[in-house]
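Take a look at the letters that make up each chain.
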Amino acid sequence: MSNQINLKQSKPQRYGKYLAAGIIAAGLIFAVFKAFEKNETPVPHKWSRQIDSAFVMNCVSKYRNDFGQDTIKRTQTIEFCLCMLGKIKLKYEEDEMDKVTNEEIKNWDNLCRGELMNPNR
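Keep in mind the model is a prediction, meaning the values are calculated, not measured.

**Focus: the nonpolar core**
For step 1, the next point in the chain: One finds F55, V56, F80, C81, M84, I88 and W108 to be the most contacted residues of the largest nonpolar core, which totals 17 residues.
For step 2, the next point in the chain: Listed by contribution, the elements that provide at least two residues to this core are α2 (49-62), α4 (71-91) and α5 (102-117).

Below is the structure:
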């Protein structure tokens, strides 16, 4: 009879160990997935240098009246245009430029302005 009592008492301990091992394993798996998720940095699509240059030149010329002869503002405009180009290249191939929406442009505009205002972000 005492053997039966000992067996009944030892089973919950085994389940507890399995439960603890399962929780630890699930936590480790979750941590691994989170680590991979954080390390996934999007890679921009490759565009030709001509298209990159044309995009930046068109963008800068669009704001030419805003900066005039002010070289600091001109440099900031170039940085802004390069940021916009980078955002577009993260999502689109060179031949998909016509798929960019106005909403995306507004969103990227806000992001780039924020990044340029706070470069330590």
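**What about the pattern of salt bridges?**
For step 1, the next point in the chain: Under the definition given, this model contains five salt bridges.
For step 2, the next point in the chain: Between D52 and K89 there is a salt bridge; the shortest N-O distance is 3.1 Å. Note that D52 is positioned in helix α2 and K89 in helix α4, a separation of 37 residues in sequence. Of the two residues, D52 and K89, neither departs from the other in class, the shared state being buried.
For step 3, the next point in the chain: For E96, the salt bridge goes to K99, with nearest N and O atoms at 3.8 Å.
For step 4, the next point in the chain: Overall, the relative accessible area of 22% leaves E96 in the partly exposed class.

**A look at the state of the cysteines**
For step 1, the next point in the chain: Tallying each qualifying case throughout the model produces two disulfides.
For step 2, the next point in the chain: Here C83 is linked by a disulfide to C112, with a sulfur-sulfur distance of 2.1 Å. An S-S torsion of about -90 degrees defines the bridge between C83 and C112 as left-handed. A residue pair is termed long-range when its members are at least 10 positions apart, and C83 in helix α4 and C112 in helix α5 qualify at 29 residues.
For step 3, the next point in the chain: For the protein, the bonded cysteines connect in the pattern 1-2, 3-4 when numbered consecutively along the sequence.

**A word on the packing of aromatic side chains**
For step 1, the next point in the chain: Applying the stated rule across the entire model yields two aromatic pairs.
For step 2, the next point in the chain: On the numbers, 5.8 Å between centres and 90 degrees between planes, the contact of Y63 with F80 is edge-to-face. Taken together, the residues Y63 in the loop between α2 and α3 (64-67) and F80 in helix α4 connect sequence positions 17 residues apart.
For step 3, the next point in the chain: Note on F80: relative accessible area 7%, which makes it buried.
For step 4, the next point in the chain: Relative to W108, the ring of Y92 has its centre 6.5 Å away and its plane inclined at 80 degrees; by these criteria the two rings are edge-to-face. One end of the pair, Y92, is in the loop between α4 and α5; the other, W108, is in helix α5, with 16 residues separating them in the sequence. Here Y92 matches W108 in class, with each residue buried.
For step 5, the next point in the chain: Just above the ring of F80 sits the side chain of R113; from NZ or CZ to the centre is 4.8 Å.

About the cut-offs
- Residues numbered from 1 in each chain as written.
- Predicted model: local features only at pLDDT ≥ 70, side-chain atom pairs only at ≥ 80, totals over all residues.
- Heavy atoms only, no water.
- Core = buried A, V, L, I, M, F, W, Y, C linked by side-chain atoms within 4.5 Å.
- Buried < 20%, exposed > 50% of the residue type's maximum accessible area, 1.4 Å probe, protein only.
- Helix = DSSP H or I, 4+ residues; strand = E, 2+ residues; numbered from the N terminus.
- Salt bridge = Lys/Arg side-chain N within 4 Å of Asp/Glu carboxyl O.
- Disulfide = S-S within 2.5 Å.
- Phe/Tyr/Trp six-rings, centres within 6.5 Å; stacked < 30°, edge-to-face > 60°.
- Lys NZ or Arg CZ within 6 Å of the ring centre and 35° of its normal.

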